[in-house]
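Structural characterization, general
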Amino acid sequence: MTTTSTPTTFAPAFAAHSKDNPTRTAPPKCTYTYQSGFGNEFATEAPGWEGALPVKQNTPQVCPYGLYAEQLSGSAFTAPRGHNLRSWLYRVRPSVCHTPFQRASYDSAHMVRQFADTECEPTPNQLRWSPLDLPEAGKVPFHAGWHTICGAGGPETKSGLAVHMFTASADMVNTAMVNADGEILIVPQHGALDIKTEFGKLYVAPNEIVVIPRGVRFAVSLPDGPTRGYILEVYTGRFELPDLGPIGANGLANPRDFVYPTAWFETSEQPIEFTLVNKYANLLWTAKMDHSPFNVVAWHGNYAPYKYDLAAFNAMNTVTFDHPDPSIFTVLTCKSNTPGVAIADFVIFPPRWATGEGTFRPPYFHRNTMSEFMGLIKGAYEAKAEGFVPGGGSLHSIMTPHGPDAPTFQKASTAPLTPVRVADGTMAFMFESSLLMTVSKWALVESNKVQQDYWTHWQGLKSHLNKDNKEGKKELLKF
Ligand SMILES: [Fe+2]
C-alpha cells in the first residue's frame, strides 16, 4: 500500500503552557498535523495534492485529479445554520463501493442491542466496578472489544445514550469501523490510540479524548500495546461546548484547544482485502471492500472527528465558600430539547486549587435527578478513599444517594482549611445524563467486576448530633 501524504509536527496550543503550570504538558508523540478550533469550517488538502478542493463549488462535473465528490451529512439538510453539519470529501473511490453487509458477532464484545429486560436490568443501587482485564496481546481489535455498561433509549429513535468500556489488544489491520448509531466520545485510560480516519490521523493518549461523529470511518492501532478505556455514545444530537453564562467569553474548555485532522490518504493500485465493520442498530455488520476507505485526498466542512487534551481545561471554582455543583467542570455537552438539561454531559475533575473557606470541600452528599457514571483515568479521586481505581467505574442512578465515604468525611471535616492543591496526578470524569439508564446483565453479573461491598463504604457515617455543638465546631465531632 502506498501512503501518499506524510504527517509533520504540530504542537497546537500546548507549547507555551507547561513551564508555569505543571498540569499543562504536551501529549507525547503528538506528531500529526492538526487544525484547531471547535466546530470551525475547515478546508484541507493532503500534502502534494494542492488544488484537490474544487474552487467555488462542491460538485464540478469532473473533480480535480479525477476524484469523487461525496457529502457526509451530520444533521438534517434543513437544520438551522448554527446546527447544520456537513463535510465534503474528495476521494479516490466513493464510500458506496463495498459488498452487502452481513451480520457479524465477536465473542469478545458485549454490546447491548436494546436497553430492555432481556439484556439489562434497572437498579437503584450504588454500583462500582473494578477495572476490566486487558486482553492478551494481539487478540482483540478495538471494534471487537466494546462492553456496554448501561444506557437508555436507542438508535432507532435517535434518542438516549450508552456507556461502554472498551478493551483492545490488536491493531485494526485492513479493517475500519463506522458507527451509524451515534456520536462517540472515547476516553482512553491505559495506552494510546493511533487513529486513522477518513479525515486524517489523530493520536490520542490517556488524558486526552477523541470524538468520532456518526458515520465517520476509522481504524485504531495501539502503539503502547493492550489498551482500555471508556466510550460515551449519544444517539441524538452531538457534543457541543457548554454555554458559559456569567463566566463570560473564555474559560472551561476553550475552542482553540480542540484539534482536527488534516487530509491524509492511502491508496494502492492493486486490490486489497479490506473489512468494513458497521455498528448499526447496536449490532455489528461487516462488508468487504477491495480498497482502503481512508482515501480522502481533500475535504472541507464542519463535520469531522476531533481530539482534546484534558490538561487544557481552564477550571473555574469558588474563591469564597461552598462546593459548586460539578457542572462547573463540564467539557462537552449533548443537549436535550429541554433548555439546560443534557442527554449527556462530559465532566472532569482536574488538578486544581481548593480554597473554600469554612467549607466541607469534597463533593457534598446528594441525590440527583440525573444519572452519574464516573470513571478514573489516573490517580486517586478526592471523594473516595479507596476502591475507585483507574480503569474502574461507578454508577449512581436517578435519586440514588451518594457522596464521600466515611474516611473522606472524617478527613475533610477536620482538615485545616488552608489553600491546597487537590487531584494532582489525578483525572476523574463523569458521564452525566438526565435519563434513567438500565445496566447490562454482563456488567452486573458476567463481568464479575461489580464490587459487592460498595454500599458498606457509607455505613460508617454515624450520627454526630450534639446539642452542645450549635456552632458546628470540628473539635466537638467524635469519630
Ligand atoms: Fe454525584
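Residues numbered from 1 in each chain as written. Predicted model: local features only at pLDDT ≥ 70, side-chain atom pairs only at ≥ 80, totals over all residues. Heavy atoms only, no water.

1. Examining the overall build of the chain
Selection criterion: To qualify as a helix, a DSSP run of H or I must reach at least 4 residues; to qualify as a strand, a run of E must reach at least 2; elements of each kind are numbered from the N terminus. As a reference, a globule follows 2.2 Å times the number of residues to the power 0.38, and the radius of gyration itself is taken over C-alpha atoms. Only protein chains enter the calculation, and the probe is 1.4 Å; a residue is then buried if its accessible area is under 20% of its type maximum, exposed if over 50%, and partly exposed in between. We get accessible surface area from the Shrake-Rupley algorithm with a probe of 1.4 Å; when it comes to residues, only the shown protein chains can shield them. Note that His is not counted, nor are the chain ends; the positive residues are Lys and Arg, and the negative ones are Asp and Glu. To locate a charge, take atom NZ for lysine, CZ for arginine, CG for aspartate or CD for glutamate.
Tallying secondary structure elements over the chain gives two helices and 31 strands in all. Radius of gyration (C-alpha) of the chain: 23 Å, near the 23 Å computed for a compact globule of 479 residues. Projected onto the principal axes, the alpha-carbon positions of the chain cover approximately 85 × 50 × 45 Å. In the chain, buried positions account for 54% of the 479 residues. Split by element, the accessible area of the chain, about 21400 Å² in all, is 53% carbon and sulfur. Of note, the chain has its 39 positive side-chain charges centred 3 Å away from the centre of its 43 negative side-chain charges.

2. Brief notes about the coordination of the iron ion
Filter applied, for reference: We call an atom a donor if it is N, O or S and sits within 2.8 Å of the metal, or 3.2 Å for Na, K and Ca. Water is not counted, so some sites may look partial. Irregular is the default label, applied whenever a site is not tetrahedral (four donors, all angles between 85 and 135 degrees) and neither square planar nor octahedral (four or six donors, opposite donors over 155 degrees apart, all other angles between 65 and 115).
Distances from the iron ion to its protein donors, His366 (NE2), Glu372 (OE), Glu372 (OE) and His402 (NE2), fall within 2.0 to 2.5 Å. In this structure, the iron ion is surrounded by four donor atoms whose angles at the metal cover 56 to 141°, and the resulting shape is irregular. Read from N- to C-terminus, the donor residues coordinating the iron ion fall into the pattern H-x5-E-x29-H. Within this pair, whereas His366 is found in the loop between strand 26 (352–354) and strand 27 (371–378), its partner His402 is found in the loop between strand 28 (393–396) and helix 1 (406–414), the two being separated by 36 residues in sequence. Overall, the relative accessible area of 19% leaves His366 in the buried class.

3. Notes on the UniProt feature "active site" (unreviewed entry) in the chain
Going by this rule: UniProt positions are given in the numbering used here, feature names are shortened, and annotations may be inferred rather than shown by experiment. For this analysis, residues touch if any pair of their heavy atoms sits within 4.5 Å. Polar contacts, as counted here, are pairs of nitrogen or oxygen atoms within 3.5 Å of one another; within protein the pair requires one atom able to donate a hydrogen and one able to accept it, and residues that are adjacent in sequence qualify only if both atoms are side-chain atoms.
Cross-referencing UniProt, the feature "active site" (unreviewed entry) maps to His323 in the present numbering. Along the polypeptide, His323 turns up in the loop between strand 23 (306–309) and strand 24 (330–335). Not counting chain neighbours up to four residues away, the residues in contact with His323 comprise Thr359, Phe360, Arg361, Pro362, Pro363 and Tyr364. There is a polar contact of 2.7 Å between the side chain of His323 and the backbone oxygen of Arg361.

4. What about the sheet that holds strand 22 (residues 296–301)?
Counted only if it meets this: The rule for pairing is simple: two strands pair if DSSP sees at least two bridges between them. Axis definition: a line fitted to C-alpha atoms, limited for helices to the stretch in contact. Angles are taken between N-to-C directions and run from 0 to 180 degrees.
Within the open sheet, the four strands sit side by side as 3-22-5-4. Their pairing is antiparallel. Here the strands that pair on one side only, and so sit at the sheet edges, are strand 3 (42–45) and strand 4 (68–73). The average undirected angle you get between the axes of adjacent strands in this sheet is 20°. In terms of strand pairing, strand 4 meets strand 5 (residues 86–91) through six bridges, oriented antiparallel. By the bridge assignment for strand 5, Leu72 is matched with Ser87.

5. A look at the UniProt feature "binding site: Fe cation" (unreviewed entry) in the chain
The UniProt entry lists His366, Glu372 and His402 under the feature "binding site: Fe cation" (unreviewed entry), expressed in the numbering used here. Across 37 residues in sequence, these annotated residues keep their C-alpha atoms within 11.6 Å of one another, forming a single compact spot. For His366, the contacting residues outside a window of four places in its chain are Glu372, Thr400, Pro401 and His402. Among the polar contacts listed, one links the side chain of His366 to the side chain of Glu372, at a separation of 3.2 Å. Once residues lying within four places of it in the same chain are set aside, the contact partners of His402 are Tyr364, Phe365, His366, Glu372, His396 and Trp458. A distance of 2.8 Å separates polar atoms of two side chains, one belonging to His402 and the other to His366.

6. A short note on the packing of aromatic side chains
This is how it is decided: Pairing of aromatic side chains requires ring centres within 6.5 Å, counting the rings of Phe and Tyr and the six-membered ring of Trp. Pairs whose planes differ by under 30 degrees are stacked, by over 60 edge-to-face, and all others tilted. We count a charge as sitting over a ring when the NZ of a lysine or the CZ of an arginine lies within 6 Å of the ring centre and within 35 degrees of the ring normal.
For the coordinates displayed, the defined rule picks out 29 aromatic pairs. Residues Tyr230 and Phe373 carry aromatic rings whose centres are separated by 6.3 Å and whose planes lie at 65° to one another, so their mutual orientation is edge-to-face. Placement of the pair is Tyr230 in strand 17 (residues 227–234) and Phe373 in strand 27, with a sequence separation of 143 residues. Residue class for Tyr230 comes out buried when judged on its relative accessible area of 1%. Centre to centre, the rings of Tyr230 and Phe429 are 4.7 Å apart; their planes meet at 80°, and the pair counts as edge-to-face. Of the two residues, Tyr230 sits in strand 17 while Phe429 sits in strand 30 (residues 427–433), which places them 199 residues apart along the sequence. With respect to burial, Tyr230 and Phe429 carry one shared label: buried. An aromatic cluster of at least three residues, connected via ring pairs, comprises Phe38, Phe42, Phe199, Phe258, Tyr260, Trp299, Tyr306 and Tyr308. For Arg103, the ring lying beneath its charged end belongs to Trp285, and the centroid distance is 5.8 Å.

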